[in-house]
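# Observations on chain architecture
Here's the letter readout for the chains.
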Amino acid sequence: MVTSLAVGYAMAGALDIPAMIGMMIGGMMGLMSAFAVAENTWQRLTRAILWMPFPYAAVLWLAAELHDDRRLEIGLMVGALALTFFLARFGQMYLLTGMMLFNGLMVGMMANIPAGMSGKALLVALVSAAAVLGTRLLLCYPMPREDLLRTQRAFVVEARRVADAAVEALDPDADQERAVRRMTRALRRLNVTTVTIDGRLAQPEVAADPDMAELLHRHLFDAELALRGIGRAVQDLTGLAVPPHLREALVVGLVVARDTPLGSAQGLRPAAEIIRRQADAVLNDPDAGNRQAETVEPAYRVAQLLDSLAGSLSHWLALGWSSPQSPAKVPFQPTVALERDRPAGSAAATRRVLAAGTETSWRRVVPFVRAPLHAGVAAAIVCPITDAIDPQRFYWGLVGVMITLFGTNTTHERLRKFGHRMTGTVIGAVIGIALLHLVGHGHVYVMLTIIVAGITLGAWGMQRAYALWVVGLVVALVQLYGLTTPDAGMDHLLGERLLDNGLGILIATLCAAVIFPLSGRRITREAERGYVSAVDDLVSQLALRWEDPDAPVRLRGAARALDSALFQVVSLVRPLVRMPLGVRGRDADNRTALLTTATGHARALAAAADIDIDLAPRQAERFTRITTVLTGSLRALDHALATGEPEESWQRVGPLVRELKAELDTAPSGPRAERVRTALRELAALDDSLAGYAERCGLTVRSASPQGIVSSPMERRTQALVAEWGTRRAPRKAAASERSATVTATAGPGTGTASPERVLPVPPATSAMPSGGVAVAVTVTVAGSIRCDRHPAGCAGWITVINGRGKRVAAGSVQSGRYRVDGLRPGPHTLIVSASAHAPHAELLSVPSAGGAGRIDHDMWL
């Protein structure tokens, strides 16, 4: 901004045009470069910045030519705003073009630039844009390696914040509730920062070293997992009577973790050893009471996690420092998608809902014209109203329309933005007027300092709360308004701005709610379906990882995708106004809490299960059944979310997991065996959380009974009671069977005569009744590879399975050419492969009706 304003001022003197016009034209180049151009290579940065002057100067001339026709001028403003939203669907350069057209018309109307000055205006814009480009290349040259190091420092900052909150929580004199709340906020910020960093490792136009990229993601994931575990363990300790020496050791370890400089993460290991020694002392102390003994397990956990943090953090930082200097070799690898450099919110779910309802006939154009219609109709309503209020500043209403529709997807988000805009404007006006009275009108450099500080602090706060940006902006604008508006008229001017902005926001919200509306509940359900799909992908990759150790799966990447899906759900279910406990509407909070718990178990599962194991055939069969049943439950939940009609049930796999774990407990102990047990424990906990969520969604929750021994005494007693009850019922059931057989034998088709030859066999898709009394459908797993001549390493894509009736029954991702889909019942199916590098490909597959769960290997060539 400083560069563009200075160059605009200098060019105005050189070309003999008013200084204010030169600074307005040059300043717009700096403003749009700062807010709308974010590229990571100098070629794309140059293309975007040097393109801005051309559409901007073109509409400056058009605004000058039409300045005498007020209606046509306002109509062009309305059309330019609608065009901006239309062009936004085609990419960043198109969006930038639309924004420059709208801004050019607005500046041309405000400044009343004559048509004869258009050539000079273009020259000022070009020189200012070139100067802005030079400044950005000089001070902010795209350097992927330095970006990676900067993100690593950002992670360490958040890690230190977590450690500092843990130290406070262990202080016996601190407010425990306040300390726990601070810890929760620190962990939340750590997760947001980590997901953002993971997404920034996916910068485009940069070649990737796959091995180093995977290591970067792996160590980042493990470091966050260790920090979250430390936070939870410290929270557990806050409610226990921690012995003084053990508390001191814990505080020392956490202070070391907080104050350790970059590159010295291995120094955490001695601190972990001190904690272990003090925990051993408490454990061996005969005078220690039960409450003190309870602190040993969380303390051991903190020590173990400090060791894990030391390893993962040191390796992650070392990878950054050793990354290649050449930008073309920095190891970035996509994992999650970001929106405006933040974790994705409601936009992805909104796009899916909009695409699902507009696939046929004329509705195919709805995704292209929906946002432009919202903007155009709202602007057409707002402009006459704000023009009647103040013809010189009617564009304030258009600004309200534009800021409402950019970056929002639901009515709740727009109303929340309305609240932030109004609150920020009022607070900024109060602060700005107070500063204006304090400084006065004659100290130009002090006023400029306030303007720069206001916009700087506002830009910093934009990522945290939209109201902070509005406060900084209005503080800066009040100083500008003070140059031309007397003190007595400042209240009226700011009140008018507040009114015009509010009208624009509310009318835009109303238009979006009635023109091709999308139900907020439907968007939320779609986001929840995205979460269920991410869990399904994680379970499928887990099954493939343990079945084929050489399979190119990324369990940590799948768990990180689950983090991203949770962000989308949370962004949609967040209420407009937080209501007190006990009132209606808390179900969304409960569902979100269950998904948050499930995500934590999924992270631990991904980290523990990412090992090479060799299960015995019987154990492998049990594990396959676990993943098959869990996948089937996830698809039943997906169907319930899609249709709103829970037709099937959620089958708990906890009994199956306990049975498998009971078999594995007899194996020799060791680090690998312990990780397998941890993975099974987290898998059962994940199933428990999702079962609670499924019950909230209306599904009936049942237990999938194991086909063998029952490890729990309670389960053995329950099974014995059921068997005893079945014995008492046997005579009655036998009589009923005889009557049923008689009816069947005499039910000839259409004649009423006996037909003893007609046999009604048990359908092959249904297995025998397991011990729990619930019929379990026999399903088949289909796995294989997708190959093509152009991609020997395998293609990435998506596979969809359709049954003989044309209904989608399964779906899964294709990673490095490998795929796996579970839960297919006997009969004809069609496998459809969609890949970005190929046209869709379909093949027929017949699933045999032989009893028993099995697997089919099916490879396809594109």
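Just so it is clear, the structure is predicted and the values come from calculations on it, not from any experiment. (Residues numbered from 1 in each chain as written. Predicted model: local features only at pLDDT ≥ 70, side-chain atom pairs only at ≥ 80, totals over all residues. Heavy atoms only, no water.)

Our next topic: the overall build of the protein. Along its length, the protein carries 28 helices and 12 strands. For the protein, the proportion of its 862 residues judged to be buried stands at 48%. Expressed as a percentage of contacts within the protein between residues at least 6 apart in sequence, the contacts between residues at least 24 apart total 76%. Of the roughly 40,900 Å² of accessible surface on the protein, 60% is carried by carbon and sulfur atoms. (Helix = DSSP H or I, 4+ residues; strand = E, 2+ residues; numbered from the N terminus. Buried < 20%, exposed > 50% of the residue type's maximum accessible area, 1.4 Å probe, protein only. Contact = heavy atoms within 4.5 Å. Areas by Shrake-Rupley, 256 points an atom, 1.4 Å probe, with all protein chains shown as cover.)

Moving on, we get to empty space enclosed by the protein. On inspection of all chains with the given rule, the structure shows 3 cavities of 30 Å³ or more. Of the volumes computed, that of the largest cavity is approximately 160 Å³. If you go around the largest cavity, you meet 19 residues; those closest to its centre are A159, A257, L268, L309 and L313. Among the elements of the structure, α8 (144-169), α10 (210-237), α11 (244-259) and α14 (296-321) are those that each provide at least two residues to the lining of the largest cavity. Counting residues per element, the lining of the largest cavity draws most heavily on α8, which supplies 6 residues. Partitioned by chemical class, the residues of the lining of the largest cavity number 17 nonpolar, 1 polar and 1 charged. (1 Å grid on protein atoms, 1.4 Å probe; cavity = no way out; pocket = protein on both sides within 12 Å on 5 of 7 lines; lining within 4 Å. Points joined across faces, edges and corners; volume = space filled by probe spheres on them. Nonpolar A, V, L, I, M, F, W, Y, C, P; charged D, E, K, R; others polar.)

Examined against the element boundaries, F90 turns out to sit in the loop between α5 (70-87) and α6 (92-111). A relative accessible area of 38% places F90 in the partly exposed class. C-alpha of F90 to C-alpha of F368: the two residues are 278 residues apart in sequence and 9.7 Å apart in space.

Inside soluble globular proteins, nonpolar side chains tend to come together where they are buried. Formed by 62 residues in total, the largest nonpolar core has its most connected members in Y531, W546, L637, W650 and L690. Secondary structure elements with two or more residues in this core: α10, α15 (347-356), α22 (520-547), α23 (555-573), α24 (587-609), α25 (617-643), α26 (654-664) and α27 (671-696). (Core = buried A, V, L, I, M, F, W, Y, C linked by side-chain atoms within 4.5 Å.)

Turning our eyes to something else, we now look at the pattern of salt bridges. Under the definition given, this model contains 39 salt bridges. The salt bridge partner of D387 is R70, with a shortest N-O separation of 2.6 Å. Taken together, the residues span a long stretch of sequence, with D387 in helix α16 (residues 366-389) and R70 in helix α5 at a distance of 317 residues. On the basis of relative accessible area, R70 is assigned to the partly exposed category, the value being 31%. When the shortest N-O distance is used, the salt bridge between R529 and D638 registers 2.9 Å. (Salt bridge = Lys/Arg side-chain N within 4 Å of Asp/Glu carboxyl O.)

Further remarks concern α26. Burial runs high along α26: 8 of the 11 residues are buried. Here α26 has its buried residues at G654, P655, L656, V657, E659, L660, E663 and L664.

Moving on: the confidence of the model for the protein. With 84% of its residues at a pLDDT of at least 70, the protein reaches an overall mean of 80. Within the protein, helix α28 (residues 713-745) has the poorest average pLDDT of any element, 43, and helix α7 (residues 118-139) the best, 93. Low pLDDT (under 50) marks residues 707-719, which in the prediction has 14 contacts with non-local residues, meaning those over four places away or in another chain. Low pLDDT, under 50, characterises residues 724-777; the predicted model gives this stretch 34 contacts beyond four residues in sequence or across chains. (pLDDT = per-residue confidence, 0-100.)

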